[in-house]
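# Observations on the model geometry
Listed below are the residues making up each chain.
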Amino acid sequence: MNNLIFNFKSKDSKKIKNPKNLLGGKGANLSEMGRMGLPVPPGFTISTKVCEIFYKDKKKLNSKLTNQIKKEIKKIEKDVSKKFGDLKNPLLLSVRSGARVSMPGMMDTILNLGLNDKTVVALANKTSNGRFAKDSYRRFIQMYGNVVMGVESYNFEELIENYKLTKGVLLDTDLDEEDWDGLINDFKNVVKEKTSKDFPQDVYHQLFGAISAVFLSWESKRAKVYRKLNQIPSEWGTAVNVQSMVFGNMGNDCATGVVFTRNPSDGSNDIYGEYLINAQGEDVVAGTRTPQYITKKARKEAKVVDASMEESMPEVYHKLYKILKKLEKHYKDMQDVEFTVESNKLWILQTRSGKRTSKSAVKIAVDMVREKLINKNDAVLRVDPNSLDTLLHPTLDERSSIKVIANGLPASPGAVSGKVVFSSEEAERLNEMMQDTILVRVETSPEDIQGMHAAKGILTSRGGMTSHAAVVARGMGRPCVSGSSEIEINYDKKVFKTSSTEIKEGETITIDGSTGRIILGTVPTIKPEISGDFSKLMSWADKIRKLKVRTNSETPLDTQTARDFGAEGIGLCRTEHMFFDEERILSVREMILSKTLDDRSNALKKILPHQKKDFMEIFKIMHGLPVTVRLLDPPLHEFLPKSDKEISEVANVVGSDKKDIESRIEELHEQNPMLGHRGCRLGISFPEIYEMQCRAIFEALADLKKNKQKFAFPEIMIPLVSTEAEIKIMKDLVINTARKVQKENKTKIEFLVGTMIELPRAAIKADDIAKHAEFFSFGTNDLTQTTFGISRDDSGKFLNDYIDNKIFTIDPFVSIDDGVKDLVEIAVSKGKKQNKKIKLGICGEHGGDPKSIKFCSKAGLNYVSCSPYRVPIARLAAAQAELTKNKN
Ligand code: PEP
Ligand code: MG
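Calculation rules
Residues numbered from 1 in each chain as written. Chains lettered and ligands numbered in written order. Predicted model: local features only at pLDDT ≥ 70, side-chain atom pairs only at ≥ 80, totals over all residues. Heavy atoms only, no water. Pairing = 2+ DSSP bridges. Helix = DSSP H or I, 4+ residues; strand = E, 2+ residues; numbered from the N terminus. Axes fitted to C-alpha atoms, helices over the stretch in contact; angles between N-to-C directions. Buried < 20%, exposed > 50% of the residue type's maximum accessible area, 1.4 Å probe, protein only. Contact = heavy atoms within 4.5 Å. Parallel < 35°, antiparallel > 145°, perpendicular 65-115°, else oblique. Left-handed = near helix turned anticlockwise from the far one by under 90°. Nonpolar A, V, L, I, M, F, W, Y, C, P; charged D, E, K, R; others polar. Polar contact = N/O pair within 3.5 Å; in protein donor to acceptor, adjacent residues only side chain to side chain. Donors = N, O, S within 2.8 Å, 3.2 Å for Na, K, Ca; no water. Near = heavy atom within 4 Å. Areas by Shrake-Rupley, 256 points an atom, 1.4 Å probe, with all protein chains shown as cover.

What follows covers the sheet that holds strand β21 (residues 495–497). The antiparallel open sheet is built from three strands, whose spatial order is β20-β21-β22. If you trace the sheet from one side to the other, it starts and ends with β20 (488–490) and β22 (502–504), each paired once. Pairs of neighbouring strands in the sheet enclose a mean axial angle of 20°, with direction left out of account. Judged from the three bridges that link them, β20 and β21 form a sheet pairing that is antiparallel. Paired with I489 across the bridge in β21 is F496.

Pasting the structure below:
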């Protein structure tokens, strides 16, 4: 086995350990289907290893490779009794990319390769179908001209459009053999004009050009963007599949289609797909013709009259149905299958695990356990935790007034409102200004990927459920309504029309990707409810996971949401957020600007009842579970008055001059507030602030106890500690305040005192700190900031350059960095050595990131804490971490 080129039927590929890594997803599945005896057109895969060699050899295919490719072509020739470049019975090939994971539409494909001025005549004679042969040749020139020779597609399209105008016809199908003959000449001339080269007539020259182009497309801009968004390493490279062509466009007994073994939108166990009679594959995906349904049931549900495949090609349909069931059983997963029917013979072109909505992923996983196709652990591993985000998205509040202006296909679920934009650039521009947009396009292409990411939702007027817009939006978790033929878009005027209204760029619409509705204005949405299959999957995950999942929350609403989502306590209650409330901000300002301790204490007394009330609410909601309350953290100047009016207000209350206030504000100014007077440094300078907060916590608990109400178990957390002395002083303060409140209320209150580990020194000296801390909570936001010395607030401006230059594969504030991991591990080890019983958790944003959760599980933490909507994601990710703990 030489690891370079594999025939689909070769037994060698069975011996490969991770076939997808070497053969790409498409190649690995073609080999497997070949060995299963399914009707796969003969061919071979050029492995990802060759991609590596290609780039090392300065983007050239060396002679060893070209010789081996030639040998493989001979094998196909033998298999199909045709010859490459033959003047009687020519073999035509498809050349397609196939990376380890599917990257829909990102890389290049070339069909009908092997046609030239002579073989096209042979094909016409052989098939007795001159029109078909010429149409195939012009498609080939178009694709090859574009992908390999770099002639922009519109040059060819313009020629066709002009030709149709002169002839006075509307559709491509109205053009006959002679018309295509003329256009073929025009196409070749355009190629010559734009590239100063003749369109290649040598079939091997064509083949090697196409293979090189596919390798080159791995480094295309759109592929790079897709990789970045989906965290696909650039070293993986792509494989290339060379396969004997079969034709879905030879007449009305031919067809091509895409079919899922279950419904990718709602997960129901019905095959679901689209096909087109007398067409080639790209016609279905590109959305240039509206495809028909595969099953009668789907056709009827959609109230469409055009016959489904089940009705128009019943025999082939039944063969396809059987193969789909076989494939699903074999792969034990829902499959997305491309097929072609050539003169009533069915060919399977590819199968892959089907992309699906999160709703469908959950249903399919749970159903497959019921059907005994997979077990519960498999089911838990089947659902991407990040994808749950869409399941947890709000839906439209049906009680509000909903003015539907048009309908389309429910391509990707979720309801969202935003300003209409007609270009990806505009979506990106407004996104930078924090404005929500709906990207409205006739159809999307891979160039739109950044705009689709920047927009909150996507609406297209053309294309089916397997169109680019639908597939990509589902993958991204963006709500999408596709193929709405009820809207007419005018890019020049920047408007779209429906039968009743005209919408201009900048106007707000709402789209409902679960039903396909397009609605004027903003519609209120409601919180999703977790039930049925979702709860079942979650209950399986909960049984598997060892990590607890808490939430970061400081409002009663968020706390309740998190508890409903299964949070097992609060891991971080940022008390400063309670200071910003309109009612109390004046007292907070008064407190900060006070010159004397007495004045400050007076102001604090005014804040105390508010804090106490907040804590009571939260402790009630989280009854029976731990709640970590963090004492005040941010720099004081964040609370300072800014406008003239605010300054006058404070001056009034404090009873001092406006000028005095302004000079105090000046005094409090810091050059580097993130590294300044914040965290426990405030507690050291102004212990009365922390005392007030502790008093509010303990009094809240004492009152709840007195009133016989259920309450949470408090954990008091000291922020931004870096030395043993800091934690010791602060712990004494907490304990003394607790003593006083207990004495005053004649009650006993249980609590823990611990600290955040969010500074490198704290991690390195964790043993000293653990002498006084009953728990550590890793504040990986600050720990990342201080480990790199990169400001959390400003990193957005240059992080992209770091990702583009491959310095970072991912933003370290999103997924935990290796260096930060090391610091966490040091702190865990030293902390445990000092205090065997120390409780360990994480409350930085990484606590809701599946990859970081896997690390937390490995590092031996007891819990992760994340924002309320990420709680289910973290529960599932924690279970997956447990199931894959021995894998990387
Ligand atoms: C942290 O630093 O990780 C943390 C959770 O605290 P904050 O984000 O409030 O600084
Ligand atoms: Mg912090």
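Of note, L720 is situated in the loop between β29 (713–718) and α29 (724–745). For L720, a relative accessible area of 2% translates into the label buried. Ignoring sequence-local partners within four residues, the contact set of L720 consists of R678, G679, C680, R681, E726, E758, L759 and D782.

Another point: the sheet that holds strand β28 (residues 626–630). Pairing is parallel in the closed barrel, where eight strands are placed in the order β26-β27-β28-β29-β30-β31-β32-β33. Taken pair by pair, the neighbouring strands of this sheet meet at an average axis angle of 25°, ignoring direction.

Taking burial as the measure, the six residues of strand β8 (residues 255–260) include six buried ones, the bulk of the element. The alternating pattern of β8 places A255, G257 and V259 on one face and T256, V258 and F260 on the opposite face, and all of these are buried. Pairing geometry for β8 and strand β9 (residues 272–277), over six bridges, is antiparallel. For A255, the partnering residue across the bridge sits in β9 and is I277. With six bridges connecting them, β8 and strand β11 (residues 335–342) associate as antiparallel partners. Residue pairing for β11: T256 is matched across the bridge by T340.

Mapped onto the secondary structure, E758 falls in the loop between β30 (752–757) and α30 (760–764). Sequence separation between E758 and T780 is 22 residues, and the spatial gap between their C-alpha atoms is 6.0 Å. Not counting the four nearest positions on each side in its chain, E758 is found in contact with P719, L720, G779, D782, L783 and T786.

Another aspect to go through is the packing of helix α20 (residues 532–544) against helix α36 (residues 871–883). For the pair α20 and α36, interaxial distance at closest approach is 8 Å and the crossing angle is 45°. Considering the angle they form, α20 stands oblique to α36. Once α20 is placed against α36, the crossing between them reads as left-handed. Judged by residue contacts, F534, L537, M538, A541, D542 and I544 of α20 engage P872, R875, L876, A879, E882 and L883 from α36. Of the residues belonging to the contact of α20 with α36, the class tally is nine nonpolar, no polar and three charged.

This paragraph deals with the side chain of Q243. Within the fold, Q243 resides in strand β7 (residues 238–244). There is a polar contact of 3.1 Å between the side chain of Q243 and the backbone oxygen of P41. The residues contacting Q243, other than those within four sequence positions of it, are F8, L30, V40, P41, P42, G43, L92, L93, S94 and L349.

On to the coordination of the magnesium ion (ligand 2). Coordination of the magnesium ion (ligand 2) by the protein is provided by E758 (OE) and D782 (OD), with metal-donor distances spanning 2.0 to 2.2 Å. Placement of the pair is E758 in the loop between β30 and α30 and D782 in helix α32 (residues 780–788), with a sequence separation of 24 residues. Accessibility classification places E758 together with D782 in one group, the buried group.

Attention now moves to the site of ligand 1. The local shell around ligand 1 holds 14 residues, among which R574, R630, G779, N781 and R792 are the closest. The side chain of R574 places a nitrogen or oxygen atom 2.7 Å from an oxygen atom of ligand 1. Expressed as a share of its isolated accessible area of 290 Å², the protein-covered part of ligand 1 is 95%. Among the elements of the structure, β27 (570–574) and α32 are those that each provide at least two residues to the shell around ligand 1. Tallying contributions element by element places α32 first for the shell around ligand 1, with three residues. Considered class by class, the residues forming the shell around ligand 1 number three nonpolar, four polar and seven charged.

None of this, on its own, says anything about what the molecule does.
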